[in-house]
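Coordinates in review
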Amino acid sequence: MGARADLSKIDIHRMKDRSSPSRFSLLDIFRTWIFRNKMGVTAPPSIVIKKNVESSICHTGRLIMGEHCFIHAHVWFLLTMPHPILDIGKWVFIGRYTIIACKNSIQIGDYTVIAPRCYFVDHEHGFDAGDVILNQKSVLGKIVIGRDCYIGANSTILSNVTVGDGAMIGAGSVVSKNIPEYEIWAGVPAKFIKKRETKSNGE
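A brief look at the structure comes next. (Residues numbered from 1 in each chain as written. Predicted model: local features only at pLDDT ≥ 70, side-chain atom pairs only at ≥ 80, totals over all residues. Heavy atoms only, no water.)

Structural notes on a nonpolar patch on the surface
Taken together, the side chains of Leu-27, Phe-30, Trp-33 and Ile-34 define a hydrophobic patch exposed on the protein surface, amounting to about 430 Å² of accessible area. Within the secondary structure, Ile-34 sits in helix H1 (residues 26–36). (Patch = residues over 30% accessible without salt bridge, like charges linked within 9 Å, V, L, I, M, F, W, Y side chains within 5 Å. Areas by Shrake-Rupley, 256 points an atom, 1.4 Å probe, with all protein chains shown as cover. Salt bridge = Lys/Arg side-chain N within 4 Å of Asp/Glu carboxyl O. Helix = DSSP H or I, 4+ residues; strand = E, 2+ residues; numbered from the N terminus.)

Set out below in structure tokens:
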């Protein structure tokens, strides 16, 4: 497989293109200040919050972000009872229209990139036939996304899934089982495609 990136020595370079969605404006800085002062949010000044990012956080909820997180427009953080903790590492990019629904525990590791319109949910409904679904309590689980992962557009990450460091998930996938580190998975349900490899010199 070759040597892997030393994540303790990574230097991130943001795009300089003026049309890049990774650029931010004075208005974004103001939005970020408002977001950081919301109930339940712990985040450093270096994060960036784009327009129409929504956070619904219950009184027991905690949303924690690391340095230099970049949250694109129309992302929805939905943290509902009983005790949700959403812990996002540093240099995490979350794409437009992504929804992260947390009732218990979701962790997203450093340097991870989440493409647009992804859905993370750490719980599921009860489905006992003796009562309507609306009356049943959620079955709580957790999600752990490692460092340096890539989650392709329109992917869904279901409860009780761990995605290892360096893993990649193809667009439109539904992840219902653990993915080992540095593997590429895709499909519905997601299945192993191949290992993520290091190119040799000259390639």
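Re the state of the cysteines
With the rule as written, the count across this model stands at zero disulfides. Cysteine Cys-102 shares no disulfide, and the gap to the nearest cysteine sulfur, in Cys-58, comes to 8.8 Å. On the basis of relative accessible area, Cys-102 is assigned to the buried category, the value being 1%. (Disulfide = S-S within 2.5 Å. Buried < 20%, exposed > 50% of the residue type's maximum accessible area, 1.4 Å probe, protein only.)

Observations regarding the side chain of Thr-98
Position of Thr-98 relative to the elements: it lies in the loop between strand S8 (93–94) and strand S9 (99–102). Judged by its relative accessible area of 0%, Thr-98 falls in the buried class. A distance of 3.3 Å separates a polar atom in the side chain of Thr-98 from the backbone oxygen of Ala-115. Polar side-chain contacts of Thr-98 include one of 3.2 Å to the backbone nitrogen of Cys-118. Not counting residues up to four positions away in its chain, the partners in contact with Thr-98 are His-74, Val-75, Trp-76, Ile-114, Ala-115, Pro-116, Arg-117, Cys-118 and Phe-120. (Polar contact = N/O pair within 3.5 Å; in protein donor to acceptor, adjacent residues only side chain to side chain. Contact = heavy atoms within 4.5 Å.)

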